Structure formats: C-alpha cells, structure tokens
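Structural description and commentary
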Amino acid sequence: METLILSHDEMASLRSFLIATVFEFFDAIEMETIGRYEANAILDMAKKVYSRIEFGKKEYVNPFSREELDIIGNCILHGDMGLGLYKPYKRFIDYESCVFEEAMARIDRYIRSNDLE
C-alpha cells in the first residue's frame, strides 16, 4: 500500500478545495446524483481536515480513513475533473507554498492505487 504524505499547506489547500466544491454544488446537481455525497457531508469533511491541522506540524502521513478518502476522491472527480472548479477558485485554494493542482493529482493517484488493492 502506498503512503500519502501531505504538508501543512496542502492540508489547508485541501480544506479550501472542499469548500469550493460546495460553492459550485447547487449549480452541479450531478455532484449529488453521480457522486453520492451531499453538500453537508463535504462541509463536514472540510471541518475534519481543518481540525487535524496543527500549528507547527509540517507533514501528515496517511491522515484520512477509507471513507474520508472516498469523499475527497469524489470531490476531485466531480468537482475538478467534471466541473473544472480548481482554476476559477485557484487564488482561494492555493495556500502559501502549495499549488493544489499538484497535490490534488497526488491524492487522486493515491486513492486510485489503493482502490486496486
């Protein structure tokens, strides 16, 4: 099983990305229909990410459960790949040293590689 390591900045960016997904949620009914998750579940996930961020902690190793990864993967698939919402919200999502597009690709690869096992 592969390891997912996220920096503090990537965790902060992930939280912002999840919130941006909810911003576009009502314009994208397919998110709920195809994706299985309602806006409240996505906002709860954003709160969980935020609650795990610790001041001074530089990296997080495998910080999410299987169910949480399912929600995150769903947001990546339908929120970015389906709706392309990263680019319009980029200035709100990228945090400090994080270009979330790169982190998002790593998270997606991690989720896909662990789905095969």
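Treat the numbers as computed from the prediction; the structure is a model and nothing was measured.

1. Description of helix α6 (residues 100-115)
Over its 16 residues, α6 extends 22 Å from the first C-alpha to the last, a length consistent with the 22 Å expected when each residue adds 1.5 Å. Residues of α6 that are buried include every one of Phe 100, Ala 103, Met 104, Ile 107, Asp 108, Tyr 110, Ile 111 and Asn 114, and no others. Taken end-on, α6 shows its buried residues confined to a sector of 160 degrees, consistent with a single buried face. Away from its buried face, by an angle of more than 90 degrees, α6 presents the exposed residues Glu 102 and Arg 109. In the core, the buried residues of α6 are packed alongside β1 (5-7), α1 (8-23), α4 (66-82) and α5 (86-93).

2. A short note on the pattern of salt bridges
All told, the structure shown has seven salt bridges when counted by the stated rule. For Glu 101, the salt bridge is made with Lys 87, and the minimal N-O distance between the two is 3.3 Å. Remark: Lys 87 occurs in helix α5 and Glu 101 occurs in helix α6; sequence separation between them is 14 residues. The exposure class assigned to Glu 101 is partly exposed, which follows from its relative accessible area of 38%. For Lys 87, a relative accessible area of 61% puts it in the exposed group. Residues joined by salt bridges that share partners form a network here, namely Lys 48, Arg 52 and Glu 68.

3. Structural notes on the packing of α4 against α6
The contact between α4 and α6 brings their axes to 10 Å, and the two run at 125 degrees. By the angle between their directions, the pair α4 and α6 is classed as oblique. Once α4 is placed against α6, the crossing between them reads as left-handed. Residues Arg 66, Leu 69, Ile 72, Gly 73, Ile 76, Leu 77, Asp 80 and Met 81 of α4 lie in contact with α6, whose contacting residues are Met 104, Ile 107, Asp 108, Tyr 110, Ile 111, Arg 112, Asn 114 and Asp 115.

4. Considering helix α3 (residues 39-52)
The first and last C-alpha atoms of α3 sit 20 Å apart over 14 residues, in line with the 20 Å expected at 1.5 Å per residue. Of all the positions in α3, only Ala 39, Ile 42, Met 45, Ala 46 and Val 49 are classed as buried. Angular distribution of buried residues about the axis of α3 spans 125 degrees; they occupy a single face of the element. Across α3 from its buried face, at more than 90 degrees, point the exposed residues Asn 40, Lys 47 and Ser 51.

Definitions and limits used
Counting restarts for each chain: residues are numbered from 1 in the order of the written sequence. With pLDDT at 70 or above as the cut-off, local features in this predicted model cover only qualifying residues; side-chain atom pairs require 80 or more to be listed or tallied, and sums for whole chains, interfaces and linings still use all residues. Excluding hydrogens and water, the side-chain values take into account all heavy atoms of the structure. The helix and strand labels rest on DSSP assignments: H or I over at least four residues marks a helix, E over at least two residues marks a strand, and numbering proceeds from the N terminus. Helix span is expected to be 1.5 Å times the residue number reduced by one. Type-normalised accessible area, obtained with a 1.4 Å probe on protein chains alone, sets the label of each residue: buried when under 20%, exposed when over 50%, and partly exposed for intermediate values. Taking the helix axis as origin, the arc is that swept by the directions to the C-beta atoms. Contact criterion: two residues are considered in contact whenever any of their non-hydrogen atoms come within 4.5 Å of each other. When a carboxyl oxygen of Asp or Glu is within 4 Å of a side-chain nitrogen of Lys or Arg, the pair counts as a salt bridge. Where helices are involved, their axes are fitted lines through C-alpha atoms of the stretch in contact, as for all axes, and angles between N-to-C directions lie from 0 to 180°. Angles are sorted into four bins: roughly parallel if under 35 degrees, roughly antiparallel if over 145, roughly perpendicular if 65 to 115, and oblique for all others. Should the near helix be turned anticlockwise from the far one by less than a right angle, the crossing is termed left-handed; should it be turned clockwise, right-handed.

Read these as spatial facts, not as claims about activity.
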